[in-house]
Structure formats: structure tokens, C-alpha cells
Amino acid sequence: MLKVGIDDISLYTPAFYLDLKTLAKERGVDPIKYSKGIGQELMAFPSPDEDIVTMAANAALPLLERCAIEEIGTMLFATETSVDQSKAAGIFVHDLLGLKNNCRVVEMKQACYSATAALQSACALVARNPEKAVMVIASDIAKYDLESPGESTQGAGAVAMIVRANPRILEISATSGCFCQNVEDFWRPNYRQTPVVDGRYSTQVYIKAAQESWLDLIQNCDLQFDDINYFCYHLPFTKMGLKAHRKVARVAKSAKSVEQLEAQLAPADRYNRQVGNCYTASIYISLCSLLDNIKEDMANEKIALFSFGSGCVGEFFWGTVVPGYKQLLRTKRNIELLQNRKELSFEEYLRFYKTNSPDDGLAHSFDKETTGHFYLSALENHHRIYSS
Ligand code: CAA
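Draft legend 1. Structural detail: the site of the ligand. For the ligand, the set of nearby residues contains 27 residues, the closest of which are Asp-30, Lys-33, Ser-202, His-234 and Lys-243. One nitrogen or oxygen atom from the main chain of Pro-149 is found 3.2 Å from an oxygen atom belonging to the ligand. The contact in question runs from an oxygen atom of the ligand to an N or O atom on the side chain of Asn-277, over 3.0 Å. Summarising the interface, the protein chains cover 74% of the accessible area of the ligand, which totals 1,000 Å² for the free molecule. At the level of secondary structure, the elements contributing two or more residues to the shell around the ligand comprise helix 2 (31-38), helix 6 (199-220) and helix 7 (238-251). Of all the elements, helix 6 adds the most residues to the shell around the ligand, at five residues.

Set out below in C-alpha cells:
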């Protein structure tokens, strides 16, 4: 059977962050609620010249060092914070990267889940035509109402991947388990910039979806919980993954201790604790974190991934790490990206929050504040003008 999966992966997050200790002080909250209660430390926050397009293009640019643009037959762009109701955000990225005119581009949406739908679709496209690669991009800005319970779980980031035959990083299994149900836990009507959230309920829905997806997965293949040493979860906040993982372990009747279960997630949590929720990109940031932070060679190890999007769709799937994968990782670059960010004061955070993504339809120009290669320079006559 043809092997298909992730051949290359690259992440990007904005150049600025807010320390959650600063937010805790301003909101009169015990900082331990954020660090221990939800398991978050810093949240990435985009400057006004950054959006899902610039983050996506900045994530994808390094992929072109190893993949010829002629090979890319399709780009699938997953987001739930799109910049247009009609045009796919990926078309801007296609232009910024100089991809070929015969590369098809489409945007996909189902809350935080759609990047996994894109990845699975990419695998299917490659199986159909192994000569071509598919670029999958997940890019999102998680923005909640100020002073709402979700404020501490904001974040921003993008992950871009090349999916192709005989991949060099992670071979994706053809089997997975899914769960879909119509629920009202988190949604964003077209007239709102921020979501409507039933926070506590959304965590219950997430856990149920993880449990049901796991049960569906093991119906579809002979994988056992204890065959897997490491798991990546969609991480709106890192404690969420841990709660779901404990439930899945119980359902799977695993004898692993709480500490052992925590250890299965810790390396995959590390980057997410520093960037916050990135919706569609979160689970793939977690994958980068896992691959970068396990010092031992993980060749031939199985990794299980749980993808979740409110509303809701969940999917548990798995992959096998390809020998030699370490040479392909961008560990040093990823660590530097996180370390070189600038901390925002609370006032700067509020300025970014209020000036990001103007929706008044008027002309705006933006100073270059991001350190990213691509940036949004203006909105003019309802056009988005990007520069590099
Ligand atoms: N010290 C230590 N821990 C503390 C503490 C303190 N001083 N104060 C509170 N905590 C703990 C609480 O006990 C709780 O832990 P447990 O859940 O393990 O009991 C945790 O900190 C959070 O406390 P609260 O439940 O009181 O927090 P909250 O109600 O203010 O907000 C939230 C939590 C509802 C998840 C909120 O962050 C939210 O609405 N977030 C957005 C929605 C979301 O992320 N949902 C996740 C599932 S949906 C999804 O995954 C899709 C997506 O990306 C959005």
C-alpha cells in the first residue's frame, strides 16, 4: 500500500505575546489559575499588520526550500477566522509564495477540526496522484471578548505542511475514528468578530468527542492504547488535552498512572503553553512540539492525534514516525521563533486587540510591526494589500 503523510512541517506564530501573569494581575485572578488550572503561560498576540494570511505565508515559506513549486498540485487552507466570506484566504498565500497557476486552492472550515479534514483530504489526493504534493495550511487567530472566561485562552499561529507519497516525517494511517454531533458549545455568527461560547459545556463536548472518536478508532483497526507512547490533542489550553486523555485512558482500561498519562502529553504541550489556542493549527503545533522536544529517536513509533472542532466534529487518527525524520525538523528555528518574541504590556495588548482586523470597510494602512517576512500593509477599496 502506498505510504502517504507529512513530508515537511513548519510553524509560525506572531512576534508578540502577553504573559498571562500580566493578564491575571489586570483581571484580579490568581495567576495559578492560568498556569496550573488551565495550563497556559503566554499567549501569542498578532500586531495589526498580521492576519491569518501573513501567518500562513510565513509558515509556508520555508517549505519551498525542500519542495519545488511545480510539485504542489493543491493547497488546502484550514481556518475558522477567515478574512473573506467568499474568496479563499489561500489564494493570497498562493500569490505571496509564487505558486503555479495550475495549483488548485480551497478553504476548509469546521471550527478547529478543519485542518485534519484538510490533512485527510490531502492524503486521499496524493493516493490518487502520487506524483503531486499537497500543501496543507492551518492558520487562526483565537480572539475572545475582553474580560470573558475565554480571554486567557487566546492565541495565534499557523502550521504549514507538505503531504506526499513516501513522506519523510509522519506516515498517516488510513484508519481513524470520528464523532460528529450538532451541539451549541462554541460558534461565531457572521456578524461577530468573537465567538459565542458556553465554556464549561464545550469542555464536556470535547471530552465526549474524544471518547467516542477513540471507540470508533479501535473498531476500525487493531490499535491498542498501550501501543502508543505519545499523544497530541487539539489544545485550546493544555489542561483540556490532559482531561480528555485521562478519560480516553479510562475507557481504554489502561493501567497507566496519572503521572504516566501526563508524561505522554508533556512534550507535545510545551509550545502550546507558550502560544495559546491557535484553533485549527493547535494540534499541529502540538505535533511540532512533540517531535522537537523528544530527544530520543522516535523512528517507527506510533503517535495518536485527537482533533476537535466545536459544533462538533472529533477525529482520532494515528501516524508512524519515519526513520530519518529528525534531519527534517526545524527545532532550532522553532525555539528561536518563540524565544525572540517581544513581551507586550497590558496597554500594548489592548491596542493590538482593538486595532486588529478593522471591520468598518474603510481604508487603513498599517506600520510594519511584525518581524514576519510577509505583512498586511493596507486595506484599500475593500482590497487587502500584502507586502514583504
Ligand atoms: N489555582 C489553581 N487552579 C485554579 C484556580 C487557582 N487559584 N482557580 C481555578 N482553578 C482551576 C479550576 O479548578 C479549573 O480546573 P478544573 O477544570 O480542572 O476543575 C480551571 O482552573 C479553570 O477554572 P474555571 O473552570 O473556573 O475557569 P473559567 O470558567 O473561568 O474558564 C473555560 C474556563 C470555560 C474553559 C474558559 O477558558 C473558556 O470559556 N474558554 C474558551 C472555550 C474553550 O476553550 N473550550 C474548550 C473546549 S472547546 C474547543 O476545544 C474548541 C476551541 O478551540 C475553542
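Draft legend 2. Looking closely at helix 7. For helix 7, with 14 residues, the first-to-last C-alpha span of 21 Å sits near the 20 Å given by 1.5 Å per residue. Within the span of helix 7, buried status applies to Thr-238, Met-240, Gly-241, Leu-242, Ala-244, His-245, Val-248 and Ala-249. Looking at the residues trailing helix 7, positive phi occurs at Lys-253, about 55°.

Draft legend 3. Structural view of the side chain of Thr-54. Mapped onto the elements, Thr-54 comes out in helix 3 (residues 52-60). Ignoring anything within four residues of it in the chain, the contact list for Thr-54 reads Asp-49, Phe-374, Tyr-375, Leu-376 and Tyr-386.

Draft legend 4. Local environment of the environment of Ala-24. Looking at the element boundaries, Ala-24 is found in helix 1 (residues 20-27). Separated by 29 residues in sequence, Ala-24 and Val-53 place their C-alpha atoms 30 Å apart. When near neighbours in sequence (up to four residues on either side) are disregarded, Ala-24 contacts Val-29, Asp-30, Pro-31 and Tyr-34.

Draft legend 5. Representation of the environment of Met-135 within the structure. If you trace the backbone, Met-135 turns up in strand 6 (residues 133-142). Judged by its relative accessible area of 0%, Met-135 falls in the buried class. Taking the C-alpha atoms as reference points, Met-135 and Ala-118, 17 residues apart in sequence, are found 9.4 Å from one another. With near-sequence residues (within four places) excluded, Met-135 lies in contact with Ala-60, Leu-63, Leu-64, Ile-72, Thr-74, Met-75, Leu-76, Leu-97, Met-161 and Ile-162.

Draft legend 6. Spotlight on the packing of aromatic side chains. Using the criterion set out here, one finds 19 aromatic pairs in the structure. Here Trp-214 and Phe-316 contribute two aromatic rings whose centre-to-centre distance is 5.2 Å and whose plane-to-plane angle is 75°, an arrangement assigned as edge-to-face. Linking Trp-214 in helix 6 with Phe-316 in strand 13 (residues 313-321), this pair joins segments that are 102 residues apart in sequence. Overall, Trp-214 belongs to the buried group, its relative accessible area being 1%. Classification of Phe-316 as buried rests on a relative accessible area of 0%.

Draft legend 7. Quick peek at the pairing of strand 2 (residues 16-19). Burial along strand 2 is two-sided: Phe-16 and Leu-18 facing one way and Tyr-17 and Asp-19 facing the other are all buried. With two bridges connecting them, strand 2 and strand 14 (residues 342-343) associate as parallel partners. Residue pairing across strands places Phe-16 opposite Lys-342, the latter belonging to strand 14.

Draft legend 8. Up close: the nonpolar core. One finds Val-93, Met-135, Ile-137, Tyr-284, Leu-287, Met-298 and Ile-303 to be the most contacted residues of the largest nonpolar core, which totals 84 residues. Broken down by element, this core gets its largest block of residues, eight residues, from strand 7 (residues 155-165). If we skip the residues at most four places from it in the chain, Val-93 touches Val-53, Ala-56, Ala-57, Met-75, Phe-77 and Ile-137. One finds Ala-15, Cys-221, Tyr-233 and Phe-237 within the second-largest nonpolar core, a separate group that totals 44 residues.

Each value, and the rule that gives it
Residues numbered from 1 in each chain as written. Predicted model: local features only at pLDDT ≥ 70, side-chain atom pairs only at ≥ 80, totals over all residues. Heavy atoms only, no water. Near = heavy atom within 4 Å. Polar contact = N/O pair within 3.5 Å; in protein donor to acceptor, adjacent residues only side chain to side chain. Areas by Shrake-Rupley, 256 points an atom, 1.4 Å probe, with all protein chains shown as cover. Helix = DSSP H or I, 4+ residues; strand = E, 2+ residues; numbered from the N terminus. Expected span 1.5 Å × (residues − 1). Buried < 20%, exposed > 50% of the residue type's maximum accessible area, 1.4 Å probe, protein only. Contact = heavy atoms within 4.5 Å. Phe/Tyr/Trp six-rings, centres within 6.5 Å; stacked < 30°, edge-to-face > 60°. Pairing = 2+ DSSP bridges. Core = buried A, V, L, I, M, F, W, Y, C linked by side-chain atoms within 4.5 Å.

The analysis is restricted to geometry; functional conclusions fall outside its scope.
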